[in-house]
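Geometric and topological summary
Chain by chain, the residues run as shown.
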Amino acid sequence: MPADEPAQHVLDVRDLTVAYGGVAAVDHVCLHVRRGEVLALLGPSGSGKSTLLSAVAGFRPPTTGEVWLQGRRVADPGRAEPPERRDVAVVFQSYALWPHLSALDTVAYPIRRRGARRRPAREEALEVLDRLRIAHLADRRPAELSGGEQQRVGLARALARQASLYLFDEPTAHLDTHVRGVFLDELVVRREASGAGGLYATHDAEEALGLADRVALLNAGRLVQLGTPEQVYAEPVDIWAAGLTGPASVVRAAVVAAHGGRCSVVVQGHRVTVEGTAATPGRDTVPLLVRPGWARLGGELTGRLRAARFRGPHSDHLVETSMGEVLIREPGPPRHAVGDDVPWTLSRIWPLQETAAPGGVAGPFLSRAQSRGRSDSRPR
Amino acid sequence: MQARSTDLGRRAAVLAVGTVIFLLVVLPVFRLGYVVWTEGSTQLDEVLGRPGLGEAVLNTVLLAVAVTVTAVPLGTLVALGLRRADVPGRGWWRFAMLLPVLVPQFVLGYSWTQAYGRAGFTDTILGLVWPSVLGPWGVWAVLVVNTVPLTYLFVAVGLATRAEPNLERAARASGGDPASVLRHVTLPLLRPSIAAASVLSFVLTMESFAIPQVMGTPAGFTTVTTTIYRDLSLGSDPLSFVEALTLALLLVALTVLVVIPADLWLGPRLRVTRVANPEGAPIVTPRGAAGRWIAAGLGGYLLLGGVLPLVALVTAAITPAVGVSPSPGNWTLDNFRFVVNARNAEALGRSALLAFAAAGLLTVLGGAVAVLERRRAGRVMASLVTVTLVLPGSTLAVALLITYGRWIGGTLTLILLAYLAKLWAFAHRPISGALDRLAAGEMQAARASGAKALTAVRTVALRPLAPALLGAWLICFVTALHEVTMSSLLYGPDSDTLAVVVLNSKELGRIGATAALSVLLTLVMLLPALPLWVLIRRLQSPRHPRAGGARSLAHAR
Amino acid sequence: MPGPGFSCHGRWRLLTLLPLTLLPLGCGAGSGGGEGEEITLYTCVSDETIQPIISGFESDNDGSEVKLFRAPTGDLNARVAGDVRSGGLKADVIWGCDPLTMQGYVDQDLVGGWSPEGAADIPEQFRTDDYVGVAVLYMVAVYQDGAPAPSSWSDLAGTDYDSVAVSDPNVAASALGALGYFSQEPDYGLDFYSTLEEQGAQQVGTPDEVTAGVAQGAYDAGITIANSAYLAKDSGSPIDIVWPEPGAIAIYGPIALATDSADSTLAKDFISYVVSEAGQQVVAEAGSYPTLPGVEGPEIPADAPVVYPDWPKIDATKDSLLSDYQQIFGG
């Protein structure tokens, strides 16, 4: 863990509010990005991710609060530095490529703005394109590029900026797995070399968890949770956060005792001891999160198999139990027929706060569809 | 099979529009040329070698260049200022900028002399006279004032439809300061709109008549159009007539020299196919001193260019006679009573209907040329329809009369044809400037979803093009309603239009009545213009204010 | 032949948002259709004068109809030229605003060759064998209240006036008449204009603009037509009018029969009516000066002197006259 001092922060957002006509799109948010770190902003559409990025990039002045970059205050309600003086690079959602410029000139643009002459700027731009394996497209204009190629040009332009903070506005939304891998690797290399940070807005949980060092969950402009991918996955603060961060089965049961990272849950009249904790053990049933890997097929509990789906490396089994439906993920193809009674074992739970979150309780199959905006971004 | 039928459809469209162009533009101009050739070929040397003609031609070209190089940058500046800076009262300014367009041209020149000439408004009140208001400088100034709203409109439409704010944001985030972004991103994106505005400004100045006549002729400043007018006024003999036609064709030749290279060579190079979806709320720099300066500049421009002349006009309208002090005790509505009567109202109604019909047809015709000029076969069409715009109203009217008068002389149809021929380029250029807002994929998606070609146009293309189409419609409507020369030459029994009303009030030598009529016309113009403007404003706002905007960086709510 | 022009409209109609656009096409009725006889009149005379004349004539000749095309001289010329090249002149009668234009039509054999009986009563200065003057414009001097009244035209070129306004003979036939008259007068000649110009005279467009300029105070005095000056004065403008020595310059508006309509009784009747005392009375009541002696028109001071330009001579020397004038007043 790097030292958590403001001087080490590439970005510091302090109590930031951005309001449009009295409605706060970003509502008193505090967060920071450390040197060499990628922070993912995870939230559904309209949660304020993009507005937060605009305020950091300098496209929107804050209504209240401050934005600090590299230990320097760049925006407060009275004064906002323009984007070109902020040392940030942006990858736009729909690329925002200039239709009148070739790929080479597009990537050379930020280099030229740094003061380079035309020729060296173009040479450097060609190197960046080459690193993204699109040097052969240097003379093409956006209209002559495919969607994936356009995106790589957009990324190349951001990389050529050599900024200390990279802002991504859901940039991978249209990309296939292979290309995404190529440029994420590229990004990791650059980030480690220059000590830059990244702020990565997305609504895809799998992407956020797989990419970022830390994840910030945003809902209706408010920061709901901030933590490592492991934390937000295993210990979401509420039902809404649980549904957002991955496949989640929310069941109800009483947690009667808890001690030293283990606790006792009442299932089918039995006390089952599993990994987990509870704030206040008692006899009342409370909502509990069960991730797909936290239960297994086989064991002393029984349930009825409601659905089974083959997913390649593993299969998802939806099991109806006395505490509710539980999604169980097992390697290999489905082993039981739908409708059969199946044995199962609960190995871990996470108690959730009862909150009325938008979208309601996230069901196991539903939650996957919800966390994926587009049909083409298949999970790896 | 499908491909072949589309190809066939395309060819049919080219053929159809080509036929209309032939009938409305080529044939009439050819008839003029034929008259000049058969009746005047022997005197051609004499006509072209006439003393003063060279000067008139030089004046015309210099004026056109001077007006264009002033009005286009000014219009661009205003459009950028109003779109990209937080000017106090932006919405209001955007509307106010168009007010000078609503004032009929024959009124504008006159009202300037009333405002700034000797014994004019400023002279009476402040003792300020601008002696050169009559002469080339005055003509230039008024033409610029008259042209700026048009160039502003073109560039503003271009800004709204072509320069998506995210493209500028991307440049800022790449380290470009505002000046660099303007130079490398915004202006290149606006090039087609600026080019369209320049061509129109150039051509409109060449054909402008009312202002050079009112403000230039008294000071001995002649242009080709005023020379044509003189030829027609002075001589009922065939030679003068042929002289006038020859000069008109000379204007056509000058236009062709400028416009055809611009369209054929420059046009395709200026256009770029765009890929990005329009998104992002407009960039608005925070309110600051700049915004107030812009507001002050605009205020000054409107005050000097529009408000003062109009106040002078209103003053003249409510004063019983020239030279009577315009104090409240002397105010009268007699001039209005004189102008408002059943016959005039009928003529005005006829004009409005005619303008309405012409504007609708012109929007379709202009759109057709804008679409077809993207193909090699259609490129020359754009230049051709510009040819009739430059023909002075009187000669174009004569050309149509000679060509079709035998069959439809004296009917409203002939006047309508004249409007279509005259204003085609007016409708075409703004639409053309905005057409590449339409990404090819959008139309294909509509076709793939089961829409026929026309359904695809109606459901997918019309919406994003709506600001440009409505803008074109508005310009055509206003211009057709103001039109006086052609209809006063072509009207017949029961087809008298506004032109006759204007003529009546002018001929009586009653300045007050002319002023009253002008005031009324300007007010009448506001009736359709205001709601239409509001509609255009609404259409220009982002397309998917909630769903689409929420995901984009620039536009989150 | 509107068909071909809209051959594609069936296709495009689907596109247009404005189905109304095609409505007015049906309205242009063209000629024909009325009952009884009808004639077509081309004129540049003002609406206030022509409408009462037409009403008077139509009520005298039941069932007949006079179709009117009225336009300024330049447009009238263009329309006539267009007519001639698309099937012939459509007018039966032309009532012009100056003899030069009418002479041009005569030279092209479009009008003329017939005079009404009443023409003999019209003064000789106002007619030829081909056309008869039925209304007159008088060029008079107008001056601001407070400025000295000029007694002769030459006074305008004196030092009493800082600025005198004249109208453009290239634009207004009346101004051309005045130019022709002065150039032919031994005491004046083109030198008169040179002196005016040296004294600071300004050229404006039309006589109406001269009147307005003087009324407004932009000019001390000017040469304009009497109707315009009296109208301004009567509605309160601070100006006065003088019919200077050797005389107000008379420019007559002639009427003529189209050669193609030599057989039209109605057209001849119309011309006879305008020349007749009844017709001249209507002209006078409408505010124009009639040509028939004895018919009382608008205000003329007692014993006001009048002079008559030599129109054939002006016609012959027009081009050189205008170019000489051009040397004096800019351009």
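1. Comments concerning the overall build of chain C
The number of helices and strands found in chain C is 12 helices and 10 strands. Taking all 331 residues of chain C together, 51% fall into the buried category. Intrachain contacts of chain C at a sequence separation of at least 6 include 76% that bridge at least 24 residues.

2. Here we look at the environment of Asp155(C)
Residue and element names in this part refer to chain C. For aspartate 155, the position within the fold is in helix H5 (residues 153-156). Taking C-alpha positions, aspartate 155 is 9.7 Å from glutamate 245, a pair spaced 90 residues apart along the chain. Aspartate 155 has contacts with Pro150 and Asp160, leaving out every residue within four places of it along the chain.

3. Considering the sheet that holds strand S15 (residues 285-290) of chain A
The strand order across the open sheet built from 5 strands is S14-S13-S12-S15-S20 (chain A), with neighbouring strands paired in antiparallel fashion. One side of each edge strand has no neighbouring strand; the edge strands of this open sheet are strand S14 (270-275) and strand S20 (350-351) of chain A.

4. Remarks on helix H1 (residues 49-57) of chain A
Residues and elements named next belong to chain A. Burial within H1 is extensive, with 9 of its 9 residues counted as buried. Buried residues of H1: Lys49, Ser50, Thr51, Leu52, Leu53, Ser54, Ala55, Val56 and Ala57, and no others. Looking one or two places after H1, you find glycine 58, whose phi comes out positive at around 105 degrees.

5. A closer look at the confidence of the model for chain B
Residues and elements named next belong to chain B. When pLDDT is averaged along chain B, the result is 79, and 86% of the positions lie at 70 or above. Averaged pLDDT values for the elements of chain B fall to 32 in helix H25 (residues 547-551) and rise to 90 in helix H3 (residues 53-84). Here residues 542-557 is modelled with pLDDT under 50, and outside its nearest four sequence neighbours on either side it reaches 47 contacts, counting other chains as well.

6. Brief notes about the sheet that holds strand S11 (residues 222-227) of chain A
Residues and elements named next belong to chain A. One open sheet holds the 6 strands; their spatial order is S7-S8-S9-S3-S10-S11, and the pairing between them is mixed. On the outer flanks of this sheet lie strand S7 (88-91) and S11, each paired with one strand and no other. Pairwise comparison of adjacent strand axes, ignoring direction, gives a mean angle of 20 degrees for this sheet. Where strand S8 (residues 165-169) lies against strand S9 (residues 197-202), 5 bridges are found, and the strand directions are parallel. Bridged to aspartate 169 within S9 is alanine 201. In the packing of helix H4 (residues 147-160) onto the sheet, contacts are made with S7 and S8, and the angle to S7 comes to roughly 175 degrees.

7. Looking at unusual backbone geometry
With omega at -5 degrees, the peptide bond leading from Glu245(C) into Pro246(C) counts as cis. Relative to the elements of secondary structure, Pro246(C) occurs in the loop between strand S8 (239-242) and strand S9 (248-257). Of note, Asp15(A) is a non-glycine position whose phi angle comes to about 50 degrees, a positive value. Within the element layout of this structure, Asp15(A) appears in strand S1 (residues 9-20). Classification of Asp15(A) as exposed rests on a count of 11 C-beta atoms within 10 Å. Phi is positive for Asp303(C), close to 55 degrees, though the residue is something other than glycine. Position of Asp303(C) relative to the elements: it lies in the loop between helix H11 (277-285) and strand S10 (306-307).

8. A short note on the nonpolar core
Residues Ala358(B), Leu420(B), Cys476(B) and Val93(C) are the most contacted members of the largest nonpolar core, which totals 395 residues. What Ala358(B) contacts, discounting residues up to four positions off in sequence, is Leu416(B), Tyr419(B), Leu420(B), Leu423(B), Cys476(B) and Ala480(B).

9. Some remarks on the domain arrangement of chain C
All names here are of chain C. For chain C, the domain assignment lists domain 1 (38-135 + 252-285) and domain 2 (137-249 + 304-328). Relative to domain 2, the C-alpha centre of domain 1 lies at a distance of 28 Å. Considered class by class, the residues forming the side of domain 1 that touches domain 2 number 3 nonpolar, 4 polar and 1 charged.

10. Some thoughts on the packing of helix H18 (residues 393-408) of chain B against helix H19 (residues 412-435) of chain B
Residues and elements named next belong to chain B. With their axes 10 Å apart at the nearest point, H18 and H19 run at an angle of 140 degrees to one another. Taken together, the axes of H18 and H19 are oblique relative to one another. The hand of the H18/H19 crossing is right-handed. Facing Gly393, Leu396, Ala397, Leu400, Tyr404 and Ile408 of H18, the residues of H19 in contact are Thr413, Leu414, Leu417, Ala418, Ala421 and Lys422. Of the residues belonging to the contact of H18 with H19, the class tally is 9 nonpolar, 2 polar and 1 charged.

Cut-offs applied
- Residues numbered from 1 in each chain as written.
- Chains lettered and ligands numbered in written order.
- Predicted model: local features only at pLDDT ≥ 70, side-chain atom pairs only at ≥ 80, totals over all residues.
- Helix = DSSP H or I, 4+ residues; strand = E, 2+ residues; numbered from the N terminus.
- Buried ≥ 20, exposed ≤ 12 C-beta atoms within 10 Å, placed from the backbone.
- Contact = placed C-beta atoms within 7 Å.
- Pairing = 2+ DSSP bridges.
- pLDDT = per-residue confidence, 0-100.
- Axes fitted to C-alpha atoms, helices over the stretch in contact; angles between N-to-C directions.
- Core = buried A, V, L, I, M, F, W, Y, C linked by C-beta atoms within 7 Å.
- Domains from an automatic or database assignment.
- Nonpolar A, V, L, I, M, F, W, Y, C, P; charged D, E, K, R; others polar.
- Parallel < 35°, antiparallel > 145°, perpendicular 65-115°, else oblique.
- Left-handed = near helix turned anticlockwise from the far one by under 90°.

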